[in-house]
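Examining the three-dimensional arrangement
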Amino acid sequence: MSENFIFNNITKKFPLILAIDTSCDETSAAVTLGRAVLSNVVASQTNIHQPYGGVYPTLAKQAHQEKIQPVINLAMKRAGIDFAQLDAIAVTLGPGLAPALEIGIDQAKRLAQEWQKPLIAVNHVEAHLLSVLLKRKSNNLSIKNLLIKRKGLSEIVINYSKSSSSLFPVLGLVFSGGHSQFVQINNFGNYKILGETIDDAVGEALDKVGRMLGLGYPAAPVIEKLAQQGNSNKFKFPLPMTTVDDFNLSYSGLKTAAHRLIKQLELEKKLSSQTILDVSASFQQAVFRHLIYKLEKLLKNQEQRGVSSFTQAWLGGGVAANISLRQDLRKSLKSHHIKLRTPFEKRLCGDNAAMIALTAGYKINYAEKNQLQTEFKNLDRKPNWQI
Ligand code: KG4
Ligand code: ZN
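**Re the overall build of the protein chain**
For the protein chain, the count of helices and strands is 14 helices and eleven strands. Whereas a compact globule of 387 residues would reach a radius of gyration of roughly 21 Å, the protein chain reaches 21 Å, a difference of no more than 12%. In terms of overall dimensions, the protein chain has C-alpha extents of about 70 × 50 × 40 Å along its principal axes. Taken across its 387 residues, the protein chain has 55% of its residues classed as buried. Sequence-distant contacts in the protein chain: of pairs separated by 6 or more residues, those separated by 24 or more amount to 77%. With the model as given, the accessible surface of the protein chain reaches about 16900 Å², and the carbon-plus-sulfur share is 49%.

Written out as structure tokens, the structure is:
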């Protein structure tokens, strides 16, 4: 059934989509109409993983299993729609934790089968890259009336055809717990990775050093708070990869330096609450300094070669919520005449299904037919799916 599903023009522009994401440690379901978020439910598992200092796959799977149905039902209820009204169902196929992905995919297949809806497979990193394009639901939006005849929708719901194609190429910046990439977005579905981490992701490095400081899991948001009260010049960290000509990142050296520093402070009995603030501030600054250094290098290189001058940068991923990172990026990009765009609210930076629904909407509009529809039975998780 799903391969033969044809979207008419109006549903293409304003698709009503239910999306599911269970790629890591959040169980999420969301409904979008056009690019507007009607509901976005995120059930976090951080309490469960806290004692382990990281995500424990078996427990993640179990928690997804317990939460998935109530989360979907709540997303549908908040959106004020029923399953029969949906144009499509979307689900994250990867990248992510295989046992976790499986739960969302099974649910999506089951619902698509039951309600005879097309099922759209979405890449989680692509969704982070496009998350700036989500729109807040207008208060004037009465879903019931609008769905009867999707007329006049363009005034209150931003449609897909009115979107950002003329801006391409756009510089995509994705920094999360699993990914850190500089991406050239040539068009929807057409991406070129310009640089990426060769070891830890930015969020992962912050989480690991935060764990060494006893800040729990995930530690990166705690580091952000502590850093505001600490002295970022108190401890010196190296600037990695300065002799390497590419635009890749590496956090293993900084992590080792932080480990050594913390051990030394412990040994000297100097790991006071003030020192923890100062280590947080100094380490966070070092992490972002490396990222900005490589970004500058990339932009200068592009300018020298006269290739693709970006006018916009789209920022996504859990670390994108960090205010210092946003400030550093904004400053650096401004000097290259590039405008930084961030998602309309912070919770859209972290894992959420609204960005999965949005990306599915772009696929309905822009993907080649054979890329869009997937035979249910063959749909399987892709834990290492590259954009
Ligand atoms: O995108 P995301 O929710 O999940 C992945 O796809 O990985 O990103 C999670 C990462 C974690 O490492 C988390 O500690 C980090 O984003 N994070 C932050 C902040 N909030 C979450 N990092 C820095 N500052 C924050 N405020
Ligand atoms: Zn993510």
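**Notes on helix α9 (residues 220-227)**
Looking at α9, one finds that the buried residues are A220, I223, E224, L226 and A227. As for α9, its buried residues are in contact with α8 (202-212), α11 (273-305) and α12 (323-334).

**Observations regarding the pairing of strand β7 (residues 170-175)**
Among the six residues that make up β7, six are buried, leaving the element largely enclosed by the rest of the structure. Taking every second residue as pointing to the same face, both faces of β7 are buried, with V170, G172 and V174 on one and L171, L173 and F175 on the other. The sheet contact formed by β7 and strand β8 (residues 180-187) spans six bridges and is antiparallel. When the bridges of β8 are listed, F175 appears paired with S180.

**Brief notes about the pairing of strand β9 (residues 190-196)**
Along any regular strand the residues' side chains alternate between the sheet's two faces. Pairing between β8 and β9: six bridges, direction antiparallel. Within β9, the position partnered with I185 by the bridge is Y191. Where β8 folds back on β9, the antiparallel hairpin that results is connected by two residues, among which G189 adopts a positive phi of roughly 85°.

**Digging into the layout of surface pockets**
By volume, the largest pocket is sized at about 1400 Å³. Contributions of two or more residues to the lining of the largest pocket are made by β3 (36-44), α5 (124-130), α8 and α9. The dominant element in the lining of the largest pocket, judged by the number of residues it contributes, is α8, at six residues. When grouped by side-chain class, the residues that make up the lining of the largest pocket number 18 nonpolar, 19 polar and eleven charged.

**Description of unusual backbone geometry**
Cis geometry marks the peptide bond from G94 to P95; its omega dihedral reads -10°. Here P95 lies in the loop between β4 (88-94) and α4 (98-115). Omega for the bond connecting Y217 with P218 falls within 30 degrees of zero, at -10°, which places this linkage in the cis form. Examined against the element boundaries, P218 turns out to sit in the loop between α8 and α9. One non-glycine residue, Q116, adopts positive backbone phi at about 55°. Considering the arrangement of structural elements, one finds Q116 in the loop between α4 and β5 (119-123). On the accessibility criterion, Q116 (42% relative accessible area) is partly exposed.

**Quick look at the site of ligand 1**
Near ligand 1 lie 18 residues; those nearest to it are G177, D207, E224, G318 and D351. H128 places a polar side-chain atom, nitrogen or oxygen, 3.1 Å from an oxygen atom of ligand 1. Starting from 550 Å² of accessible surface for ligand 1 in isolation, the protein chains cover 85%. When each cavity is represented as a set of grid points, ligand 1 is found to reside in the largest pocket. Listed by contribution, the elements that provide at least two residues to the shell around ligand 1 are α5, α8 and α9. It is α9 that contributes the most residues to the shell around ligand 1, three residues altogether. Within the shell around ligand 1, the residues separate by chemical class into five nonpolar, ten polar and three charged.

**Topic: the coordination of the zinc ion (ligand 2)**
Protein coordination of the zinc ion (ligand 2) is provided by H124 (NE2), H128 (NE2) and D351 (OD), with donor distances spanning 2.0 to 2.1 Å. Sequence spacing of the donors to the zinc ion (ligand 2): H-x3-H-x222-D. In this pair, H124 sits in helix α5 while D351 sits in the loop between β11 (339-341) and α13 (354-366), placing the two residues 227 residues apart along the sequence. Here H124 matches D351 in class, with each residue buried.

The rules behind these values
- Residues numbered from 1 in each chain as written.
- Chains lettered and ligands numbered in written order.
- Predicted model: local features only at pLDDT ≥ 70, side-chain atom pairs only at ≥ 80, totals over all residues.
- Heavy atoms only, no water.
- Helix = DSSP H or I, 4+ residues; strand = E, 2+ residues; numbered from the N terminus.
- Rg over C-alpha atoms; globule rule 2.2 N^0.38 Å.
- Buried < 20%, exposed > 50% of the residue type's maximum accessible area, 1.4 Å probe, protein only.
- Contact = heavy atoms within 4.5 Å.
- Areas by Shrake-Rupley, 256 points an atom, 1.4 Å probe, with all protein chains shown as cover.
- Pairing = 2+ DSSP bridges.
- 1 Å grid on protein atoms, 1.4 Å probe; cavity = no way out; pocket = protein on both sides within 12 Å on 5 of 7 lines; lining within 4 Å.
- Points joined across faces, edges and corners; volume = space filled by probe spheres on them.
- Nonpolar A, V, L, I, M, F, W, Y, C, P; charged D, E, K, R; others polar.
- Near = heavy atom within 4 Å.
- Polar contact = N/O pair within 3.5 Å; in protein donor to acceptor, adjacent residues only side chain to side chain.
- Sits in = over half its atoms within 2 Å of the grid points.
- Donors = N, O, S within 2.8 Å, 3.2 Å for Na, K, Ca; no water.

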